[in-house]
Amino acid sequence: MRLTVAQALVRFLAAQYTERDGRRHRLVAATWGIFGHGNVAGIGQALLETGGAGPDGMPFLQGRNEQAMVHAAVGYARQSGRLSTHAVTTSIGPGATNLVTGAALATINRIPVLLLPGDTFATRPADPVLQQLEVPYAGDVSVNDALRPVSRLFDRVTRPEALIPAALQAVRVLTDPVQTGAVTLALPQDVQAEAYDWPEEFFAQRVWHVRRPRPDRAELAAAAEALRGSARPLIVAGGGIRHSAAQASLAALAEATGIPVAVTQAGKGALPHGHPADVGGIGHTGTATAAGLAREADLVLAAGTRLSDFTTASATLFRDPAVRFVGLNLDPYDAHKLAARPLVADAREALDELRQELAGHRVDTAYETAYRREAARWEARVDNAHAVSAADEELPPTQAQVLGLLDALVDGTDILVNAAGSLPGDLHKLWRARSADQYHVEYGYSCMGYEIPAAIGVALAAPGRPVWALVGDGTYLMNPTEIVTAVQEGVPIRVVVLDNHGYASIGGLSGTVGAEGFGTAYRFRAPDGSYTGDPLPVDLAANAASLGMAVIRARTVRDLREALTGARSATRPTCVYVRTRTPDTVSGPPPAQAWWDVPVAETATRKAAAQAREEYDRQAAQRRRHL
């Protein structure tokens, strides 16, 4: 079959499927693109020729920013359980380098995304071409090489026949539950347009089985023995529970044994809110209940988590001198962290078999009663943060009250998307996840600008469900452009913009580390040169309206309640804009319940920094190596 390289690649991708638990999914459901001289005549022409309709076609989605297109693909892939994803094509030069941040986000979060950046000429008929980076010591380097460290697989297709092994390896990695992440096939623009006689077998439908490895019997027995011998066990559930669709297995284990379950940002929703074993988020942004249990735990089952510094409170959270860990993870690299007893397996398979191994075992009644009592106390603190008094009705809401109003409105069909700023901390502590996939907070890379494009991807993967992008003003200004795409495609995302005049999260952190909020407020310069003047006259609601969204402005709590209700029933992309009130000691969210290591200046002339260093030294002294 004689086709160009680009035509062959598009046809090949349309024939790839995944299968897990007897259910089949198309691997690459659509391709996002922005065209330039590096891909318009190759991939662009191939997408036009192949067509978007039918099982053999490749649907096309028009983006506005290359990074945002990757975010949308990540949102789609995560909502699809990593069994289906999108491809992203760009031109050479800035189009390709704009992919780097999105690629890093996908790889860090273990989410499959296929990147197809154009590249400079392989045959070098004109050298340099427009946008080519010239590297005097290496003729085969282009800007696409910046994608190597953030890709799980990188290949440059410099000959037509090289596409066959490159494409097969790309799909292998995309469908591998351990290795998956961003996969990059760099495509020189001349090679894209070159014709070749392809074997028809290359385009045959392929179904890639996504495996569920069972645990090694010896590792399983050791894990069960450790749990049986523990007086104060704790399960830390991460994103691997979601990726494995192991929520029911986790609940069954917790119910059979009474072991409490704390969740990471990626793992929130692993147990539904209200489950007797649910003790909420763990780590710096977690609950007091989970932090207290972690400090006293003598055995931690880390299930599907990378154990990042936020989860471990920068290695200060697990304080019992005798504490030991069991690392349940598909990836041996993660399973061995904190000197854990490894349990290398699919989360669902391992949890089911672990429950069988622990048949008849249950934690002490006093332990179970105590953590449930503490969890109830935390719920009272959540209610207090959400509370709205009669006087509050006519005031701007605090951020916690915004979440409370949304909490009172949604049900298990709604999906919340967030990534950066102060919202992830409040959500981790306060949000009551009603379904396994409601809580969609990207915190592996915590990338500002993720929310709006990711919400589009989520909505495409879950049509008919209300999808909310919760966005601070700093994040909105980073990347609002895909609003145009949502309008163009008729994707009815709900964007809630919380305007607090600056980088609130980093401003708060700045205050605790002696930097005094420097450079974090969106204000005019004062006479002393600091950004402490009047707030900037930026109208984000007007901006959203100019991009095509329906906009509802909310000034007070009463306004906001009505605005959110209206937005939830909207059938077109809708923005709810509100300026939030600085929280006070009554209505604000609870503070951090565990430490996070952000080094403070050892020497400083300013009092705030000197005091912050004293506190830093006190906290850092509690850090330990788990050996």
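Residues numbered from 1 in each chain as written. Predicted model: local features only at pLDDT ≥ 70, side-chain atom pairs only at ≥ 80, totals over all residues. Heavy atoms only, no water.

Enquirer: Looking at this structure, how should I read the overall build of the protein chain?
Expert: Along the backbone of the protein chain there are 24 helices and 23 strands. On C-alpha atoms alone, the protein chain measures out to a radius of gyration of 25 Å, which is about the 25 Å that the 2.2 N^0.38 rule sets for 627 residues. Across its three principal axes, the protein chain shows a C-alpha extent of roughly 70 × 70 × 55 Å. Residues counted as buried form 57% of the 627 residues belonging to the protein chain. Considering only intrachain contacts with a sequence separation of at least 6, the fraction spanning at least 24 residues in the protein chain is 77%. Split by element, the accessible area of the protein chain, about 24,500 Å² in all, is 53% carbon and sulfur. On the protein chain, the mean spot of the 60 positive side-chain charges and the mean spot of the 65 negative ones are 3 Å from each other. (Helix = DSSP H or I, 4+ residues; strand = E, 2+ residues; numbered from the N terminus. Rg over C-alpha atoms; globule rule 2.2 N^0.38 Å. Buried < 20%, exposed > 50% of the residue type's maximum accessible area, 1.4 Å probe, protein only. Contact = heavy atoms within 4.5 Å. Areas by Shrake-Rupley, 256 points an atom, 1.4 Å probe, with all protein chains shown as cover. Lys, Arg positive; Asp, Glu negative; His and termini not counted. Charge placed at Lys NZ, Arg CZ, Asp CG, Glu CD.)

Enquirer: Please explain the sheet that holds strand 19 (residues 439-441) as it appears in this structure.
Expert: As a general point, the strands of a sheet are linked pairwise by backbone hydrogen bonds and lie either parallel or antiparallel. Spatially, 19-18-20-21-23-22 is the arrangement adopted by the six strands of the open sheet, whose pairing is parallel. Across the chains shown, the open sheet's two edge strands, defined by having one partner strand only, are strand 19 and strand 22 (550-554). Taking each pair of neighbouring strands and ignoring which way they run, the sheet shows an average axis angle of 20°. Across the sheet, helix 17 (residues 423-430) is in contact with strand 18 (415-418), strand 19, strand 20 (467-472) and strand 21 (494-499); its angle to strand 19 comes to roughly 150°. (Pairing = 2+ DSSP bridges. Axes fitted to C-alpha atoms, helices over the stretch in contact; angles between N-to-C directions.)

Enquirer: Help me out: how do you make sense of the sheet that holds strand 9 (residues 182-188) in this one?
Expert: Reading across from one edge, 5-4-6-7-9-8 is the order of the six strands in this open sheet, with parallel pairing throughout. Lying at the two open borders of the sheet, with one neighbouring strand each, are strand 5 (60-62) and strand 8 (153-156). When the angles between neighbouring strand axes are averaged without regard to direction, this sheet yields 20°. Packing of helix 3 (residues 66-79) onto the sheet brings it into contact with strand 4 (28-33), strand 6 (85-90) and strand 7 (113-119), and relative to strand 6 it is tilted by some 170°.

Enquirer: In this structure, what is going on with unusual backbone geometry? I would like to understand it.
Expert: The general pattern is negative phi for most residues beyond glycine and trans for most peptide bonds. Cis peptide bonds are those with omega within 30 degrees of zero, and the linkage from Asp127 to Pro128 qualifies with 10°. Mapped onto the fold, Pro128 is located in the loop between strand 7 and strand 8. For Ala313, which is not glycine, the phi torsion reads 50° and is therefore positive. By the secondary structure assignment, Ala313 is in the loop between helix 12 (309-312) and strand 16 (324-329). Phi is positive for Leu338, close to 60°, though the residue is something other than glycine. Mapped onto the fold, Leu338 is located in the loop between helix 13 (332-335) and strand 17 (341-344).

Enquirer: What exactly am I supposed to notice about the nonpolar core here?
Expert: In globular proteins that are soluble, nonpolar side chains generally tend to be buried together. Among the nonpolar cores identified, the biggest contains 52 residues, and Ile241, Leu250, Val261, Ile282 and Leu354 are the most heavily contacted of them. With five residues, the top contributor of residues to this core is helix 8 (residues 217-228). Leu354 has contacts with Leu220, Ala223, Ala224, Leu227, Leu253 and Leu301, leaving out every residue within four places of it along the chain. Core analysis: the next-biggest nonpolar cluster, separate from the first, contains 51 residues, Trp32, Leu99, Ala186 and Ile452 among them. (Core = buried A, V, L, I, M, F, W, Y, C linked by side-chain atoms within 4.5 Å.)

Enquirer: Quick question: what am I supposed to make of helix 2 (residues 40-50) here?
Expert: Residues that lie three or four places apart on an α-helix share one face, since the helix turns once every 3.6 residues. Every buried residue belonging to helix 2 is among Gly42, Ile43, Gly44, Ala46 and Leu47, and all of these are buried. Here the buried residues of helix 2 occupy an arc of 170° about the axis, which is enough to place them on one side. Structural note: helix 2 exposes Ala41, Leu48 and Glu49 on the side pointing more than 90 degrees away from its buried face. Next to the buried residues of helix 2 lie helix 1 (5-14), strand 4, strand 5, strand 6, strand 9 and helix 7 (189-192). (Arc of directions from axis to C-beta.)

Enquirer: Help me out: how do you make sense of the side chain of His626 in this one?
Expert: With respect to the helices and strands, the residue His626 is situated in the segment after helix 24 (607-620). Residue class for His626 comes out buried when judged on its relative accessible area of 10%. Apart from the residues lying within four places of it in its own chain, the contact partners of His626 are Phe318, Val323, Phe325, Leu338 and Ala339.

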